[in-house]
Amino acid sequence: MGAIVVSESDLQTIPGKALIADEPEDVSIHCIDCAEDFIWTTGEQIFFHDKNLLNPPKRCKDCKKAKNRRLEAVVLNRITGKHYKIEVRAECANCSVVTTVPFYPSQGRPVYCRLCFLENNAGKTNGANNGTCS
C-alpha cells in the first residue's frame, strides 16, 4: 500500500483538527494585584478555549489563590456573624509610600495614604455645612 498524502489545505478542512501553526503561544500578562508579569501558557489557553472562557486571566496564580482565600474568609465571617477587619497593603498613587487601607482596592482606582487623602479632601465637606448657617 502507498502512503496517504494530505496537503495543508486538506488539514484545514478536517473538523476538530488544527494545524500546529494555529496553536496559541505563551503570553506574558501583567497581574493587576502584584503588578508582576506572569506567563499564560499554551495549555492554559487551550483549557480556556475548551471551556468557552472568553477573557484571559488578570491575576497570577498566587494572587488568584489569595483572592479566593479573602472571599472565603468574608463568606465564613458573614455566616458566623464575626466582624472581619482587614488591612491591605497598597502604594499611594500620589507619593508612592506603602501604606495599609481598611478595604480591598478596586482595580484601576487610585489609593492614597492618609496624608495625601486628607490633602486631596481638605476643601470637600461631604455635604456638611461646617457649622455655618445658610
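Residues numbered from 1 in each chain as written. Predicted model: local features only at pLDDT ≥ 70, side-chain atom pairs only at ≥ 80, totals over all residues. Heavy atoms only, no water.

Section: the layout of surface pockets
The rolling of a water-molecule-sized probe over the atoms marks out the regions of remaining empty space. Counted as a void, the largest pocket has a volume near 850 Å³. Along its surface, the largest pocket is lined by 27 residues, and I32, D33, V88, R89 and P105 are the ones closest to its centre. Counting only elements with at least two residues in the lining of the largest pocket, the list comes to α3 (61–80) and β3 (88–91). The biggest single contributor to the lining of the largest pocket is α3, with six residues. (1 Å grid on protein atoms, 1.4 Å probe; cavity = no way out; pocket = protein on both sides within 12 Å on 5 of 7 lines; lining within 4 Å. Points joined across faces, edges and corners; volume = space filled by probe spheres on them. Helix = DSSP H or I, 4+ residues; strand = E, 2+ residues; numbered from the N terminus.)

Quick word on the pattern of salt bridges
Counted by the stated rule, this structure contains two salt bridges. Taking the shortest distance from any N to any O, the salt bridge between D33 and R59 comes out at 2.8 Å. Separated by 26 residues along the polypeptide, D33 in the loop between β1 (27–30) and β2 (37–40) and R59 in the loop between α2 (42–50) and α3 bring together distant segments of the chain. Measuring nitrogen to oxygen at the nearest pair gives 3.1 Å for the salt bridge that ties K61 to E44. Here the residue K61 occupies a position in helix α3, and E44 occupies one in helix α2, the gap between them amounting to 17 residues. Residue K61 is classed as exposed on the basis of its relative accessible area of 57%. (Salt bridge = Lys/Arg side-chain N within 4 Å of Asp/Glu carboxyl O. Buried < 20%, exposed > 50% of the residue type's maximum accessible area, 1.4 Å probe, protein only.)

What about the packing of aromatic side chains?
This structure, assessed with the given rule, holds two aromatic pairs. Look at W40 and F48: their rings are 5.2 Å apart centre to centre, the planes differ by 75°, and that puts the pair in the edge-to-face class. Each member of the pair, W40 as well as F48, is classed as buried. For the ring pair F47 and F48, a centre distance of 6.5 Å and an interplane angle of 70° mean the geometry is edge-to-face. Looking at F47, the relative accessible area reads 46%, which means it is partly exposed. (Phe/Tyr/Trp six-rings, centres within 6.5 Å; stacked < 30°, edge-to-face > 60°.)

Quick notes on the confidence of the model for the chain
Across the chain, pLDDT averages 78, with 75% of residues at or above 70. In this model, residues 1–8 is a region of pLDDT below 50 whose contacts with residues beyond four sequence positions or in other chains number two contacts. Contacts for the low-pLDDT stretch residues 10–21, under 50 throughout, to residues beyond four places or in other chains number five contacts. (pLDDT = per-residue confidence, 0-100. Contact = heavy atoms within 4.5 Å.)

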